[in-house]
Amino acid sequence: MSQHDVNAFSVLKTHHSVVTNKITSSSSALNVNLPRLDLPDVVSEKLEEYDLKNPNEMDAEEYNGYSGAAIGGTLLFFLIPGAILSGIFGAFGTLVTSLAFNFAISALLGGGLLIYASLRTDEIGQTVRSNGNNLYEAIKGAGLPVVPRLAVPGVVDEKLEEFNLMSINDMEEEEYDGYSGAAVGGTLLFFVLSIFISGTLDTVTDEILPSIVTDLLVSALIGGGAAIYLSLRKDELGETVTGYGTKLLKAADEVFEPVGELSAKTDTGSADVDRIVAEADEIAEEVRKTAGI
């Protein structure tokens, strides 16, 4: 065996090391047992005064139910009452209106301008249609929906001929795709630019993000606080709320379970690669000794 063959084993080992590091850094396991936070003694004493359960003395299942209830109460309040109080619906309404207006203007200006350019019969038109065709092919290749070919009225075609522009109805498929891609590209380009020019981003930073933060804080205090109180009660109501909290975490566990299974399979595959490379290392070592390298 040559020096080249021996080096191949070293390359395999190095490649495996890189692959293993990538796998390890990206894998994660889902654990339904949330990290526990011990309450100060003064809080525990107050809970006992009001005949409520002490989270510090709960077992894992009880603590999960208590935590799940807090999360569930926060989310429930966040979705409706908190959203109304924080004005988040109004902020999103402003954003949607702004985006719709920007899109309409972009279709008229950006899309219209590139449609005109793509219908030109000179070199500019050929270049625009070529680039538009590339964009349209990329859209089709990505499996995104495309608008079927639409015939324009005869009066429109006559007007195009008057201005020495191509007839849309007489275009070949590649030319029509280029014309359609140009319309899409022009609209998207102007739409992105309009977001920065029209102040749409200001709506996100000045209205939506503050509303979300306010909503979350209010929901945690009111919704989460109420759910925590109910889950700490020692009666049937407390058991019911705790039960719902446990079910919430189990539902989350089931949603993310495929991620955990994929991580486990990845770990198993990594172990198999470790074993193969270890055997290859031993063979390489024997080869080095035999060859006197």
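Look above for the structure.
Cut-offs and rules
- Residues numbered from 1 in each chain as written.
- Predicted model: local features only at pLDDT ≥ 70, side-chain atom pairs only at ≥ 80, totals over all residues.
- Heavy atoms only, no water.
- Core = buried A, V, L, I, M, F, W, Y, C linked by side-chain atoms within 4.5 Å.
- Buried < 20%, exposed > 50% of the residue type's maximum accessible area, 1.4 Å probe, protein only.
- Contact = heavy atoms within 4.5 Å.
- Patch = residues over 30% accessible without salt bridge, like charges linked within 9 Å, V, L, I, M, F, W, Y side chains within 5 Å.
- Areas by Shrake-Rupley, 256 points an atom, 1.4 Å probe, with all protein chains shown as cover.
- Salt bridge = Lys/Arg side-chain N within 4 Å of Asp/Glu carboxyl O.
- Helix = DSSP H or I, 4+ residues; strand = E, 2+ residues; numbered from the N terminus.
- Axes fitted to C-alpha atoms, helices over the stretch in contact; angles between N-to-C directions.
- Parallel < 35°, antiparallel > 145°, perpendicular 65-115°, else oblique.
- Left-handed = near helix turned anticlockwise from the far one by under 90°.
- Nonpolar A, V, L, I, M, F, W, Y, C, P; charged D, E, K, R; others polar.
- Expected span 1.5 Å × (residues − 1).
- Polar contact = N/O pair within 3.5 Å; in protein donor to acceptor, adjacent residues only side chain to side chain.

1. Here we look at the nonpolar core
Ranked by size, the top nonpolar core spans 9 residues in total: Leu119, Val152, Leu160, Leu165, Met166, Ile168, Met171, Tyr176 and Tyr179. Those residues in contact with Leu165 that lie beyond four places of it in its chain are Tyr116, Leu119, Arg120, Thr121 and Leu160. In this structure, Leu52, Met58, Tyr63 and Tyr66 belong to the second largest nonpolar core, which totals 6 residues.

2. Some words on a nonpolar patch on the surface
On the surface, a nonpolar cluster with roughly 630 Å² of combined accessible area is contributed by Leu189, Val192, Leu193, Phe196, Ile197 and Leu201. It is helix α8 (residues 173–197) that provides the largest number of residues to the nonpolar patch, a total of 5 residues. By secondary structure assignment, the location of Val192 is in helix α8.

3. Thoughts on the packing of helix α5 (residues 88–119) against α8
Remark: α5 packs on α8, axes separated minimally by 7 Å, with the N-to-C direction vectors making an angle of 140°. In terms of axis orientation, α5 runs oblique to α8. The hand of the α5/α8 crossing is right-handed. Listed contacts from α8 to Leu99, Asn102, Phe103, Ser106, Ala107, Leu109, Gly110, Gly111, Leu114, Ile115, Ser118 and Leu119 of α5 are Tyr179, Ala182, Ala183, Gly185, Gly186, Thr187, Phe190, Phe191, Ser194 and Ile195. Residues belonging to the contact of α5 with α8 are distributed by class as follows: 13 nonpolar, 9 polar and no charged.

4. Details of the packing of α5 against helix α9 (residues 200–232)
For the pair α5 and α9, the least separation of the axes is 9 Å and the interaxial angle reads 160°. If you check the angle between α5 and α9, you find them roughly antiparallel. Crossing handedness for the pair α5 and α9: left-handed. Between α5 and α9, the contacting residues are Ile88, Ala91, Phe92, Thr94, Leu95, Ser98, Leu99 and Asn102 on the first element and Thr200, Thr203, Val204, Glu207, Ile208, Ser211, Ile212 and Asp215 on the second. Class assignment of the residues belonging to the contact of α5 with α9 gives a composition of 8 nonpolar, 6 polar and 2 charged.

5. A look at the side chain of Thr246
Residue placement: Thr246 occurs in helix α10 (residues 236–291). Thr246 has contacts with Glu61 and Gly65, leaving out every residue within four places of it along the chain.

6. What to know about helix α3 (residues 60–79)
Compared with the 28 Å implied by 1.5 Å per residue over 20 residues, the 28 Å span of α3 between its first and last C-alpha is a close match. Regarding α3, the residues found buried are Tyr63, Asn64, Gly65, Tyr66, Ser67, Gly68, Ala69, Ala70, Gly72, Gly73, Thr74 and Phe77. At the N-terminal boundary of α3, the capping side chain belongs to Asp59, with an oxygen 3.3 Å from the backbone nitrogen of Glu61.

Function cannot be inferred from these measures alone, as they are strictly geometric.
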